[in-house]
Amino acid sequence: MYELRTGTLADAARCLDIETAAYEGDEAATLEKITQRLRQYPQGFLILDIAGEAAGFINCACAHEVEMADEAFKDLVGHSPDAPNVVILSVVLHPDHQGQGLSTALMKAFIRRMTGMNKESIHLMCREKHIALYEKFGFSYIKPSASEHGGLVWHEMIMLLPKH
């Protein structure tokens, strides 16, 4: 069993552990970035708990104009909570909990949350190996990204959300 909840500042260190265990190379966010995201936009920080401990999370920021390759946006420069476009910054599940359908539950809950907040679209960047996975959730492929985050190759995707 799992529980979904909004992140708090007390989650920062555990979220760093999850990011560094699950992401390759310099892909993981720093403790400072995670803390900043929790402080500035907790509504966009959804945590999946198992037995009272964070096992994974999705976090995001919002923008009026989306530029996925903008590295400053990862520091929430240009973030506007009332903006209609959601930009996912991390989707991550600790390796101990992968392969159990939990990332699907987390993503579906995140999409419901953003729809409930009357957002218009969700944008993300992913590695090529994850494109098909995100397409199953309803994301559409846009293009290869100009981002060189973590020295890796990224691809941009979008999901248009239903209007309320």
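Notes on the structure follow. The shown structure was predicted, so the numbers you read here are calculated from the model rather than taken from an experiment.

Let's talk about the environment of Met 159
Among the secondary structure elements, Met 159 is positioned in strand 7 (residues 155-160). A residue is classified by how much of its surface remains accessible, and Met 159, at 6% relative accessible area, is buried. Sequence-distant contacts of Met 159, that is, excluding residues within four places in its chain, are made with Ile 111, Glu 120, Ser 121, Ile 122, Phe 137, Gly 138 and Phe 139.

Considering the pairing of strand 4 (residues 85-93)
Of all nine residues making up strand 4, eight are buried, and the element is well covered by its neighbours. Both strand 3 (residues 53-63) and strand 4 contribute to a ladder of eight bridges, which runs antiparallel. Its bridge partner lying in strand 4, Ala 63 is registered against Asn 85. Pairing of strand 4 with strand 5 (residues 121-126), which is carried by three bridges, proceeds in the parallel orientation.

A look at the pairing of strand 3
Most of strand 3 sits inside the fold, with 10 of its 11 residues counted as buried. Across six bridges, the pairing between strand 2 (residues 45-50) and strand 3 is antiparallel. Residue pairing across strands places Leu 48 opposite Gly 56, the latter belonging to strand 3. In this structure, the hairpin formed by strand 2 and strand 3 is closed by a connection of two residues, where Ala 51 is found at a positive phi of approximately 50 degrees.

Conventions adopted
Residues numbered from 1 in each chain as written. Predicted model: local features only at pLDDT ≥ 70, side-chain atom pairs only at ≥ 80, totals over all residues. Heavy atoms only, no water. Helix = DSSP H or I, 4+ residues; strand = E, 2+ residues; numbered from the N terminus. Buried < 20%, exposed > 50% of the residue type's maximum accessible area, 1.4 Å probe, protein only. Contact = heavy atoms within 4.5 Å. Pairing = 2+ DSSP bridges.

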